[in-house]
Amino acid sequence: MDIKRVKDSIYWLYYQYLLITCSYVLEPWEQSMFHTITVTVFAMVLYTAYVFVPIHVRLAFEFFSQIFGGQPDSTV
């Protein structure tokens, strides 16, 4: 893939992000604060999903397997 096309695509995506969030009207220091907060919140959501979603999926699987006649685990 051409490097210029990749660069243009990334610039276009960033421009879309600025338009969607309306952060293009902010001053530079306000933009940096907004981007920092946005990235921090996004990172926390990803971390929480990585840590807690598998646990809840496993618990839901165990619950529904017991409801629909699955074999109970050994208590030994």
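As the structure is a prediction and not an experimental result, all values here were calculated from the model. (Residues numbered from 1 in each chain as written. Predicted model: local features only at pLDDT ≥ 70, side-chain atom pairs only at ≥ 80, totals over all residues. Heavy atoms only, no water.)

Before going further, it helps to spend a moment on the overall build of the protein chain. A tally of regular secondary structure across the protein chain gives two helices and zero strands. When each of the 76 residues of the protein chain is scored for burial, the buried share is 5%. When the accessible area of the protein chain is evaluated, it comes to approximately 7,200 Å², of which 72% is carbon and sulfur surface. (Helix = DSSP H or I, 4+ residues; strand = E, 2+ residues; numbered from the N terminus. Buried < 20%, exposed > 50% of the residue type's maximum accessible area, 1.4 Å probe, protein only. Areas by Shrake-Rupley, 256 points an atom, 1.4 Å probe, with all protein chains shown as cover.)

All right, on to the packing of aromatic side chains then. For any two aromatic rings, the description comes down to two numbers: the centre-to-centre distance and the angle of the planes. The tally for this structure, following the rule as stated, stands at three aromatic pairs. Taken together, a centroid distance of 5.2 Å and an interplanar angle of 70 degrees make the contact between phenylalanine 63 and phenylalanine 64 edge-to-face. What makes phenylalanine 63 partly exposed here is its relative accessible area of 47%. A ring pair is formed by phenylalanine 64 and phenylalanine 68, whose centres lie 6.4 Å apart and whose planes are at 15 degrees; its orientation type is stacked. Given a relative accessible area of 43%, phenylalanine 64 falls into the partly exposed group. For phenylalanine 68, a relative accessible area of 68% corresponds to the exposed category. (Phe/Tyr/Trp six-rings, centres within 6.5 Å; stacked < 30°, edge-to-face > 60°.)

What follows concerns a nonpolar patch on the surface. Nonpolar side chains collect at one region of the surface, where Trp29, Met33, Ile37, Val41, Met44 and Val45 lie side by side and expose about 630 Å² of accessible area between them. Take isoleucine 37: it is sitting in helix H2 (residues 28-67). (Patch = residues over 30% accessible without salt bridge, like charges linked within 9 Å, V, L, I, M, F, W, Y side chains within 5 Å. Salt bridge = Lys/Arg side-chain N within 4 Å of Asp/Glu carboxyl O.)

The sites that carry the UniProt feature "transmembrane region" (unreviewed entry) are, in the present numbering, residues 9-26 and 32-53. End C-alpha atoms of residues 9-26 are separated by 23 Å, and the span's content is 72% helix alongside 0% strand. Helix makes up 100% of residues 32-53 and strand 0%, whereas the separation of the span's terminal C-alpha atoms amounts to 31 Å. (UniProt positions renumbered as here; feature names shortened; annotations may be inferred.)

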